[in-house]
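# Commentary on secondary and tertiary structure
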Amino acid sequence: MARGGGKDTPVENNDRDYWEKQVKEEAKSVLELIIREGACRMLQAAIENEVSEYIDRFKNEKDSRNRRLVVRNGSLPEREIVTGIGPLKLKQPRIHDKREDQLFTSNILPRYMRRIPSVDALIPALYLKGISTGDFSKVLESILGKNASGLSATNIVRLKRLWEQDYKEWAGRDLSLKRYVYFWADGIYFNVRLEDAENKRQCILIIMGTLENGKKELVSILDGYRESKQAWQEMLGDLKHRGLKEGPKLAIGDGALGFWAALREEFPETVEQRCWVHKTANILDKMPKSVQPRAKGHIRDMYMAPTKEEAIKAYNHFISQYRAKYEKACDCLEKDQDRLFAFYDFPAEHWRHIRSTNPVESTFATVRLRTNRTKGCGSRLATLTMVFKLAMEAEKTWQRIRGHQLIGKVIEGIRFVDGIIMKEAA
């Protein structure tokens, strides 16, 4: 058939698009295959090297007949590991360790491991995203490859039960050897699909802490219907029941009265610091949008001031500037005046960490986003378990706070003035 003007017909355009798409898909498949094969070879080589080093380390240990006690003994059956780039088939060398009560365990490929940890972290993330148990296999197949095994609906349900047990064991762990210098407290709300209408609104209460070495860790997660004093007191009281001897030197949280009322009863010596992020949002919410950018700058002048004296000057300037027209905004600021500037009595290196509840907010921001886009998260226990699992995965990446060397000084009760040890300040 003639083609007028030498131009492609619509049918030819569609054919070309189809074949271009096919070529791209084939190229993508080849690339993924190369990546998987390369990863598999590298991982297999690392496992072989680990075994060789272990055997070589004990090559001089021999029995009465001068035979080595640690030798290689073939390989274990081939095992498939589910990874983010698809399933990898690996063979792990077997070691015969004839020494008493000694057993080789690979750090690279632990016994019974079938999925890399990042895959286990992916499952609760998808659950909070709203993916039903029955759809997990299809979703994970598209992410991990068609040959990904061990991720059926039955196995997903089994995993969730294991996580529930993990949470119960973690929530009952001994705290007698723990010493926290800072607490960050917050409450995150979720809709629970499988609860009745009156109880579908769930609040997860969260406390993070800083240890003596400056490492941040999850202290407690508990579900409640709201951020009430009773719920927070139950949480704090449980920490004491499990052996926590002393409360933190400073606690950071928003203006929720329940937490502070409970804290004053359970740990009365703890200093209170209101979160500047929450306070800023609450103040600006009581002002017109046209004024908010300028007002936000004035608020920032308060908590970014190098000394408490300059912070108070910025505070007084804000009150005099906006009192006449925006009385409610000023009332919101004045309500927590003493508790907004507590951080000045702690090391300046720590200020960036203790001015707000950002450590909690940043960790659970993705959790908030996921649940806002869904109709809910299943049952109350399932929601709590998923939040716990995500938090524990996130904890692995948390860094020590800046200036952690000064934590000992804080615990000793050494006084800081404007972030500097009092003698140095003088």
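Keep in mind the model is a prediction, meaning the values are calculated, not measured.

Moving on, we come to the overall build of the protein. When its secondary structure is counted, the protein shows 16 helices and 11 strands. Counting only residues that meet the buried cut, the protein has 43% of its 426 residues in that class. Summarising the internal contacts of the protein: among those between residues at least 6 apart in sequence, 67% fall at separations of at least 24. Carbon and sulfur atoms form 50% of the exposed surface of the protein, whose accessible area is close to 24,100 Å².

Attention now moves to the pairing of strand β9 (residues 271-274). Inspection of the sheet shows strand β8 (residues 250-253) paired to β9 by four bridges, in the parallel sense. Bridge pairing in β9 places Ile-252 opposite Gln-273.

What the rule picks out here adds up to 17 aromatic pairs. Taking the centre distance of 6.3 Å and the plane angle of 35° together, the rings of Tyr-167 and Trp-170 count as tilted. Pair noted here: Tyr-167 and Trp-170 are both in helix α4 (residues 153-171), with a separation of three residues, about one helical turn. Pair check on accessibility: Tyr-167 and Trp-170 agree, each one buried. A connected cluster of aromatic rings, assembled from ring pairs, spans Trp-276, Tyr-303, Tyr-315, Phe-341, Phe-343, Tyr-344 and Trp-351. For Arg-99, the ring lying beneath its charged end belongs to Phe-58, and the centroid distance is 3.9 Å. It is Arg-274 that lies over the ring of Trp-260; its NZ or CZ is 4.1 Å from the centre.

Counting residues in each nonpolar core, the largest one holds 76 residues, and the members touching the most others are Tyr-182, Ile-221, Met-287 and Phe-318. Here Phe-318 is in contact with Ile-283, Met-287, Ala-295, His-298, Ile-299, Met-302, Arg-323, Cys-330 and Leu-333, once residues within four sequence places are set aside. Core analysis: the second largest hydrophobic core is formed by seven residues, Val-51, Tyr-54, Phe-58 and Phe-104 among them.

The next subject is helix α5 (residues 229-241). A rise of 1.5 Å per residue sets the reference length of α5, with its 13 residues, at 18 Å; its end C-alpha atoms lie 18 Å apart and thus fit the reference within 8%. Regarding α5, the residues found buried are Ala-231, Trp-232, Met-235, Leu-236 and Leu-239. Seen from one end, α5 has its buried residues packed into an arc of 125°, which puts them on one side. Facing away from the buried surface of α5 by more than 90 degrees, the exposed residues are Gln-230, Glu-234 and His-241.

Where burial is concerned, the two faces of β8 agree: the one with Leu-250 and Ile-252 and the one with Ala-251 and Gly-253 are both buried. With respect to chirality, the unit in which β8 leads through helix α6 (residues 257-266) into the neighbouring parallel β9 is right-handed.

With that settled, the discussion passes to the state of the cysteines. Applying the stated criterion across every chain yields a total of zero disulfides. Lacking any disulfide linkage, Cys-332 is separated from the closest cysteine sulfur, that of Cys-330, by 9.7 Å.

Structurally, the position occupied by Glu-272 is in strand β9. Within polar-contact distance, the side chain of Glu-272 engages the side chain of Arg-274 at 3.3 Å. Setting aside residues up to four positions removed in sequence, Glu-272 forms contacts with Leu-250, Ala-251, Trp-260, Leu-263, Arg-264, Arg-339 and Ala-342.

This part covers the environment of Asp-254. Looking at the element boundaries, Asp-254 is found in the loop between β8 and α6. The class for Asp-254 is buried, based on a relative accessible area of 16%. C-alpha of Asp-254 to C-alpha of Cys-275: the two residues are 21 residues apart in sequence and 5.1 Å apart in space. If we ignore the near neighbours within four places in the chain, the residues touching Asp-254 are Ala-185, Asp-186, Trp-260, Arg-274, Cys-275, His-278 and Thr-357.

Turning to the packing of helix α7 (residues 276-284) against helix α8 (residues 292-303), a few remarks are in order. It is at 10 Å that the axes of α7 and α8 come closest, and there the two elements cross at 150°. Here α7 lies roughly antiparallel to α8, going by the angle between them. Pair α7 / α8 crosses with right-handed handedness. Along the contact surface, α7 presents Trp-276, Thr-280, Ile-283 and Leu-284, while α8 presents Gln-292, Ala-295, Lys-296, Ile-299, Met-302 and Tyr-303. Residue classes in the contact of α7 with α8 are distributed as seven nonpolar, two polar and one charged.

The next thing to look at is the confidence of the model for the protein. Averaged over every residue, the pLDDT of the protein is 79; residues scoring 70 or more account for 69%. This model gives residues 370-376 a pLDDT under 50, and the stretch forms 15 contacts once residues within four places in sequence are excluded.

For the rest of this paragraph, the subject is the pattern of salt bridges. This model, assessed by the stated rule, comprises 17 salt bridges. In this structure, the salt-bridge partner of Arg-99 is Glu-61, at a minimum N-O distance of 3.9 Å. Of this pair, Arg-99 sits in the loop between β4 (93-97) and α2 (117-129) while Glu-61 sits in the loop between α1 (10-57) and β1 (70-75), and the two are 38 residues apart along the sequence. The class of Arg-99 is buried, set by a relative accessible area of 16%. The closest approach of N and O atoms between Lys-229 and Glu-265, which form a salt bridge, is 2.4 Å. Of this pair, Lys-229 sits in helix α5 while Glu-265 sits in helix α6; the two residues are 36 residues apart in sequence, bridging distant segments of the chain. What makes Glu-265 partly exposed here is its relative accessible area of 45%. One salt-bridge network, in which partners are shared between bridges, spans Arg-264, Glu-272, Arg-274, Lys-279, Asp-336 and Arg-339.

The rules behind each value
- Residues numbered from 1 in each chain as written.
- Predicted model: local features only at pLDDT ≥ 70, side-chain atom pairs only at ≥ 80, totals over all residues.
- Heavy atoms only, no water.
- Helix = DSSP H or I, 4+ residues; strand = E, 2+ residues; numbered from the N terminus.
- Buried < 20%, exposed > 50% of the residue type's maximum accessible area, 1.4 Å probe, protein only.
- Contact = heavy atoms within 4.5 Å.
- Areas by Shrake-Rupley, 256 points an atom, 1.4 Å probe, with all protein chains shown as cover.
- Pairing = 2+ DSSP bridges.
- Phe/Tyr/Trp six-rings, centres within 6.5 Å; stacked < 30°, edge-to-face > 60°.
- Lys NZ or Arg CZ within 6 Å of the ring centre and 35° of its normal.
- Core = buried A, V, L, I, M, F, W, Y, C linked by side-chain atoms within 4.5 Å.
- Expected span 1.5 Å × (residues − 1).
- Arc of directions from axis to C-beta.
- Right-handed = clockwise from strand over helix to strand, strands pointing away.
- Disulfide = S-S within 2.5 Å.
- Polar contact = N/O pair within 3.5 Å; in protein donor to acceptor, adjacent residues only side chain to side chain.
- Axes fitted to C-alpha atoms, helices over the stretch in contact; angles between N-to-C directions.
- Parallel < 35°, antiparallel > 145°, perpendicular 65-115°, else oblique.
- Left-handed = near helix turned anticlockwise from the far one by under 90°.
- Nonpolar A, V, L, I, M, F, W, Y, C, P; charged D, E, K, R; others polar.
- pLDDT = per-residue confidence, 0-100.
- Salt bridge = Lys/Arg side-chain N within 4 Å of Asp/Glu carboxyl O.

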